[in-house]
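Next come the chains, spelled out residue by residue.
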Amino acid sequence: MGLELYLDLLSQPCRSIYIFARSNNIPFEFKHVELFKDSVLGKRPAAGSGTEQPRAGPSNSEGTGKVSLLKKVPALKDGDFTLAECTAILLYLSRKYNTPDHWYPSDIQKRARVDEYLSWHHANIRANAPKTMWIKVLIPLFTGQPLPSEKLQEVMEGLSTSLKQFEERFLQDKAFIIGSEISLADLVAIVELMQPVGVGCDIFEDRPRLMEWRRRVEDAVGKELFFQAHEMILNIKELSNIQIDPQLKEQLAPVLMKMLK
């Protein structure tokens with residue numbers, strides 16, 4: 001049995017794994033998992049949208065539970081071996097397929113810099129960037145009403161602080177986080193920062209250093225692959241027209257509202 005990756009490209013961690021595997025020509029079977037099922041967020045971009053989407057057939061949501069005990073994506077199945085969590089999967093793929101050294105350098109200090117960013121990322125960039133999508137699209141989709149504008153402002157202020165730290169502490173005057181070549185740190189960072197962009201919060205505007213870094217990352221992985229992976233998130237506003245089952249809405253709306261309190 002070959003390598004299977006259970007992914008939903010609506011998810012930032014899933015996009016990082018997808019881009020990494022594709023850019024390194026790692027052979028895998030794409031198992032499409034719809035995080036919120038067909039009737040909610042499983043909608044794919046319309047045909048003729050300009051890029052070819054992964055062809056995965058029916059949703060593999062039920063199969064994910066058998067692969068990952070955590071019952072969430074991303075998940076990996078390699079023969080009888082299964083693995084969850086984005087960073088663990090990226091490191092496994094880099095080691096098994098002996099990808100170019102710049103992704104996770106053998107130099108102990110460069111590798112430590114990658115590890116440092118990945119540790120910082122979760123409590124900073126990841127703690128703020130995804131909330132923009134919940135506030136602007138997903139929570140209104142489930143509750144039927146927009147959140148107060150001050151809620152978005154609060155999240156954007158927190159994200160702005162994280163972006164300032166990202167530029168000054170990690171990026172500095174380098175091309176990429178660890179120097180002149182792209183690493184896993186850059187990949188994990190960029191997919192997270194595209195989440196606000198998808199809902200109309202262009203965090204790269206008025207940040208020329210950050211914008212130039214983004215362009216270098218796009219070039220490093222290939223623009224076509226980059227935008228293919230992000231096509232779903234960049235068309236996410238189309239989700240506002242989806243009709244949601246009333247029972248599902250009743251169950252999830254209170255939970256979603258609590259997330260941002």
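Residues numbered from 1 in each chain as written. Predicted model: local features only at pLDDT ≥ 70, side-chain atom pairs only at ≥ 80, totals over all residues. Heavy atoms only, no water.

The name given to the protein chain in an unreviewed UniProt entry is glutathione transferase, and the organism recorded there is Onychorhynchus coronatus. What UniProt states about the protein chain under its Subunit (unreviewed entry) heading is, verbatim, "Homodimer." Note on the protein chain: under the UniProt heading Subcellular location (unreviewed entry), the record states "Cytoplasm". (UniProt positions renumbered as here; feature names shortened; annotations may be inferred.)

The strand order across the open sheet built from four strands is β2-β1-β3-β4, with neighbouring strands paired in mixed fashion. The sheet is open, and its two borders are formed by β2 (29–32) and β4 (81–84), each paired with just one other strand. Looking at each pair of strands side by side, their axes are set apart by 20° on average, direction ignored. The pairing of strand β1 (residues 3–7) with β2 spans four bridges and is classified as parallel. Opposite leucine 7, over in β2, you have histidine 32 as the bridge partner. Along the sheet, helix α1 (residues 12–23) contacts β1 and β2; its crossing angle with β1, the most-contacted strand, is approximately 145°. Against the sheet, helix α3 (residues 86–96) touches β1, β3 (75–78) and β4, its axis set at about 135° to β4. (Pairing = 2+ DSSP bridges. Helix = DSSP H or I, 4+ residues; strand = E, 2+ residues; numbered from the N terminus. Axes fitted to C-alpha atoms, helices over the stretch in contact; angles between N-to-C directions. Contact = heavy atoms within 4.5 Å.)

With that settled, the discussion passes to unusual backbone geometry. Non-glycine residue glutamate 85 carries a positive phi angle of around 80°. Take glutamate 85: it is sitting in the loop between β4 and α3. Given a relative accessible area of 37%, glutamate 85 falls into the partly exposed group. Of note, the phi angle at glutamine 172 is positive, near 55°, even though the residue is not glycine. (Buried < 20%, exposed > 50% of the residue type's maximum accessible area, 1.4 Å probe, protein only.)

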